[in-house]
Protein chains: 2
Amino acid sequence: MRTGLDKEKIILRAAELADKKGSSDITMKELADELGIKPPSLYKHFSGGLDELSRELMLCGWRMLDAEITKAVIGKAKDDAVTALCYAYRDFVLKHKGLYEAMQWYDMFQSKEHMKACEGAVDVMYRSLSSYELTNEQKIHTVRLVRAFLQGFSTIEAHTAHDKPVPLDDSFDFALRTILRGIADMQKRSQ
Amino acid sequence: MRTGLDKEKIILRAAELADKKGSSDITMKELADELGIKPPSLYKHFSGGLDELSRELMLCGWRMLDAEITKAVIGKAKDDAVTALCYAYRDFVLKHKGLYEAMQWYDMFQSKEHMKACEGAVDVMYRSLSSYELTNEQKIHTVRLVRAFLQGFSTIEAHTAHDKPVPLDDSFDFALRTILRGIADMQKRSQ
DNA sequence: ATATAATAGCTAATACGATTAGCTTTTGAG
DNA sequence: CTCAAAAGCTAATCGTATTAGCTATTATAT
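Residues numbered from 1 in each chain as written. Chains lettered and ligands numbered in written order. Predicted model: local features only at pLDDT ≥ 70, side-chain atom pairs only at ≥ 80, totals over all residues. Heavy atoms only, no water.

Section: the pattern of salt bridges
Residues and elements named next belong to chain A.
So, point 1. Considering all chains together, one arrives at 20 salt bridges over all chains under this definition.
So, point 2. The salt bridge involving K20 is made with E34; its shortest N-O contact spans 3.6 Å. Of the two residues, K20 is situated in helix α1 (residues 7-21) and E34 in helix α2 (residues 28-35); the sequence distance between them amounts to 14 residues.
So, point 3. Judged by relative accessible area, which is 28%, E34 ranks as partly exposed.
So, point 4. When salt bridges that share partners are traced, they join R90, E157 and D169 into one network. (Salt bridge = Lys/Arg side-chain N within 4 Å of Asp/Glu carboxyl O. Helix = DSSP H or I, 4+ residues; strand = E, 2+ residues; numbered from the N terminus. Buried < 20%, exposed > 50% of the residue type's maximum accessible area, 1.4 Å probe, protein only.)

What follows is the structure, given as structure tokens:
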């Protein structure tokens, strides 16, 4: 009982470590070294071993992302809200490459838990669309489109060398405008 | 020299195994078992071990995807081509969940090789846009948008339970139409 | 055909990370 | 001040990757 560690602190440390490595593949040994303890000691905090740690990392990541995008859309509506949310999401992924990878720790056995975890973040997306005049079904489609785009663009960007002839910023902006235009178009037609 | 195996066959078998597991995390042991040989024997074909196997799997996957989408767009232009390409891409991912994961074996050390590998598939996307009247820069933005959307939508779909209230097919269709509308809009304005 | 070199498999041995078992020290509650 | 839980440690076990060295098969060159 010397180091003053607890589950929370360890997870945050693990997240940092993942981001430093740029990958979610962190080992008990690496994490223990990072914390100045021996690998077996980690089992006092995570009796479920690496699996439990991964799950916690995933949950922690979604909570953080949720917080970021929530903060970003406060006081904004419609296009402003969607735009802010998208930029915040992308920034998060670029800043947390390793953690974001851990957040993809989909299904297998824990599918429900994972879904609950992203739920918060996805819910923010839904709320951001609430100021538009869309049917529920349209909102669902739109959230899926936005989610897919963000997931795809950010991962590709995070894993690709940043020396493109055409800046990625411009492409992101372009894509975002395309999507917003699509939403506007939808509203026009449903009137 | 009994089993008549060669690099090519082993890779294809590894791809099947990955898809069967729904994950790219296949071990030397699993693969050896699958092939009816002992793990050390694999090193006769892959002296670089698991790393080399992963790389080959990645390359193999991109070649396969390239072939699929190329086949899909033959004889088509504009919206028809893009639509066919998108559906083919999505089908591929859903059919090859494990292999597709292996294809994400980004950067680290081999970044250039990986880029070359996707290059073929990305090139098909560019060609599919050739029938539109777009500037080079616009094409680049568009390819990035399409790529991001496909990557994101497919991975999310591949990893999520298929029991949604609103069918994913409809959302895919909706998103695709939104993107095509965006392209049309762009052309209108640049005239 | 036959000797020979490369091939492709095998077993045994090594290394390393995950995990478990059991011991010990610190710390918080009473 | 005592005691139980908490949190760390070392030693031991297990499983997978990988290497080393052996052997049988196959292909090739004489």
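From this point on, the discussion continues.
Considerations on the relation of the copies chain B and chain A
So, point 1. You can overlay chain B on chain A at an RMSD of 0.0 Å; the transform is a turn of 180 degrees with a shift of 0.0 Å along its axis. What the superposition gives is, in effect, a two-fold axis relating one chain to the other.
So, point 2. Counting the interface residues of chain B, we find that 97% of their copies in chain A are interface residues as well, pointing to one common contact surface. (Least-squares fit on C-alpha atoms with pLDDT ≥ 70 in both. Contact = heavy atoms within 4.5 Å.)

Observations regarding helix α8 (residues 136-158) of chain A
So, point 1. Its 23 residues give α8 of chain A an end-to-end C-alpha distance of 32 Å, which sits within 8% of 33 Å, the value for a rise of 1.5 Å per residue.
So, point 2. Summarising burial for α8 of chain A: 21 of the 23 residues are buried, a large majority. (Expected span 1.5 Å × (residues − 1).)

As for the packing of aromatic side chains
Residues and elements named next belong to chain A.
So, point 1. Here the structure, examined in full by the defined rule, presents ten aromatic pairs over all chains.
So, point 2. Ring geometry for Y87 and F172: centres 5.1 Å apart, planes at 65 degrees, overall edge-to-face. Placement of the pair is Y87 in helix α5 (residues 78-95) and F172 in helix α9 (residues 168-189), with a sequence separation of 85 residues.
So, point 3. Overall, Y87 belongs to the partly exposed group, its relative accessible area being 27%.
So, point 4. An angle of 55 degrees between the planes, with centres 5.6 Å apart, marks the rings of F149 and F153 as tilted. Within this pair, F149 and its partner F153 are both found in helix α8, separated by four residues, close to a single helical turn.
So, point 5. When its relative accessible area of 3% is taken as the criterion, F153 is described as buried.
So, point 6. Aromatic rings pair up to connect Y87, F149, F153 and F172 into one cluster.
So, point 7. The positively charged end of R90 is found above the aromatic ring belonging to F172, 4.5 Å away from the centroid. (Phe/Tyr/Trp six-rings, centres within 6.5 Å; stacked < 30°, edge-to-face > 60°. Lys NZ or Arg CZ within 6 Å of the ring centre and 35° of its normal.)

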